2 protein chains.
Amino acid sequence: MSKQALPIVDLAGTGETGQVCCAPLACEPLNAVEAEELAPLFKAIADPVRLRLLSLIACHEGGEACVCDLTGAFELTGPTISHHLKVLRQAGLIDCERRGTWVYYWVNPGVLARLSAILGPRMPAMA
Amino acid sequence: MSKQALPIVDLAGTGETGQVCCAPLACEPLNAVEAEELAPLFKAIADPVRLRLLSLIACHEGGEACVCDLTGAFELTGPTISHHLKVLRQAGLIDCERRGTWVYYWVNPGVLARLSAILGPRMPAMA
């Protein structure tokens, strides 16, 4: 992320506390800056393989998944899976760490929570 | 939508009652059918103009907006706005009706709620 000082838009700030920082799009019109920032996040998940990868990682025991756990779910080559993981990582939806032979991935819950809140009902905390 | 008989995936069924029908992606892995169906919806909103259009429509007084209320928010031609509205409509995110001179748009809240729930925290109803 090269964006700086966007007071309303806090990509990672919602996950830690469980609070929802952003007005859902049905509450007040998204401004151009927010829309430009959100669109690439939705683009990153606008692919069936990436959606399934994100879900597999999020569901995985302990909240993280070895790349070796992910490739078996698809009839795709390792480099293709790696490409999709890179797109998710570059968007900030997942993060990873190499440990020995394998790379381990986990979801950034704040980013997912933000996307969910943006699309959610008027009151994210439910009335 | 040409998909038929998908018992889990109910594009429009969540908005009427406020219930969330779908397991969020962090609860159980998305299957290939769900992922193939969700990806085009995310693709439809993976564009800053379409995100803003969706938000403008959702926020508009009375829950619907005349196309004449939307074009002024953008430095884009009418046909370009119409194209983006068509993409949103074809994805099922919005619907429209012509009344006299103008076309009026409204959001399909069930589809938005479904996307929100898919990305949401483990317990959509909040613990």
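Residues numbered from 1 in each chain as written. Chains lettered and ligands numbered in written order. Predicted model: local features only at pLDDT ≥ 70, side-chain atom pairs only at ≥ 80, totals over all residues. Heavy atoms only, no water.

Per an unreviewed UniProt entry, chain A goes by Metalloregulator ArsR/SmtB family transcription factor and derives from Streptosporangium amethystogenes subsp. fukuiense.

Participant: Break down the relation of the copies chain A and chain B for me, citing the residues and quoting the values.
Facilitator: Screw-axis analysis of chain A against chain B gives a translation of 0.0 Å along the axis, an RMSD of 0.0 Å, and a rotation angle of 180°. Taken together, the rotation and translation relating the two chain copies correspond to the operation of a two-fold axis. For chain A, the smallest separation between a C-alpha atom and the rotation axis is recorded for S116 of chain A, amounting to 2.1 Å. With an isologous cut-off of 70% or more, the 100% of interface residues of chain A that recur at the interface of chain B puts this contact in the isologous class. (Least-squares fit on C-alpha atoms with pLDDT ≥ 70 in both. Contact = heavy atoms within 4.5 Å.)

Participant: Describe the environment of V87 of chain B, listing the residues and the values that go with them.
Facilitator: All names here are of chain B. Here V87 is to be found in helix α4 (residues 78-90). With a relative accessible area of 22%, V87 lands in the partly exposed category. Sequence separation between V87 and C27 is 60 residues; the distance between their C-alpha atoms is 30 Å. Among all residues touching V87, those that are not within four sequence positions of it are A44 and R50. (Helix = DSSP H or I, 4+ residues; strand = E, 2+ residues; numbered from the N terminus. Buried < 20%, exposed > 50% of the residue type's maximum accessible area, 1.4 Å probe, protein only.)

Participant: Mind laying out the sheet that holds strand β2 (residues 94-99) of chain B, listing which residues take part and the relevant values?
Facilitator: Residues and elements named next belong to chain B. Spatially, β1-β3-β2 is the arrangement adopted by the three strands of the open sheet, whose pairing is antiparallel. Each edge of the open sheet is held by one strand with a lone partner, namely β1 (64-66) and β2. Sheet twist, expressed as the average angle between the axes of neighbouring strands with direction ignored, equals 25°. α4 contacts β2 and β3 (102-107) of the sheet and is inclined by roughly 120° relative to β2. (Pairing = 2+ DSSP bridges. Axes fitted to C-alpha atoms, helices over the stretch in contact; angles between N-to-C directions.)

Participant: Provide a residue-level description of the nonpolar core, including the pertinent values.
Facilitator: If you look at soluble globular proteins, the nonpolar side chains tend to sit buried side by side. If you look at the biggest cluster of nonpolar residues, it comprises 72 residues, and the most contacted ones within it are F42 of chain A together with F42 of chain B. In this structure, F42 of chain B is in contact with F42, I45, A46, L51 and L119 of chain A together with L115 and L119 of chain B, ignoring residues within four places of it in sequence. (Core = buried A, V, L, I, M, F, W, Y, C linked by side-chain atoms within 4.5 Å.)

Participant: Can you explain the state of the cysteines? Please cite residues and give values.
Facilitator: In total, this model carries two disulfides over all chains according to the counting rule given. Here C66 of chain A is linked by a disulfide to C68 of chain A, with a sulfur-sulfur distance of 2.2 Å. Since a negative S-S torsion denotes a left-handed disulfide, the C66 of chain A-C68 of chain A link at about 130° is right-handed. Taking relative accessible area as the criterion, C68 of chain A reaches 35% and is therefore assigned partly exposed. With no disulfide of its own, C27 of chain B lies 7.1 Å from the sulfur of C59 of chain A, the closest cysteine sulfur. (Disulfide = S-S within 2.5 Å.)

Participant: Residues and numbers for the pattern of salt bridges, please.
Facilitator: Residue and element names in this part refer to chain A. Enumeration over the complete set of coordinates arrives at six salt bridges over all chains. A salt bridge links E64 to R99; the shortest N-O distance between them is 2.7 Å. Taken together, the residues span a long stretch of sequence, with E64 in strand β1 (residues 64-66) and R99 in strand β2 (residues 94-99) at a distance of 35 residues. Note on R99: relative accessible area 35%, which makes it partly exposed. E97 serves as the salt-bridge partner of R99, at 2.7 Å between the closest nitrogen and oxygen. (Salt bridge = Lys/Arg side-chain N within 4 Å of Asp/Glu carboxyl O.)

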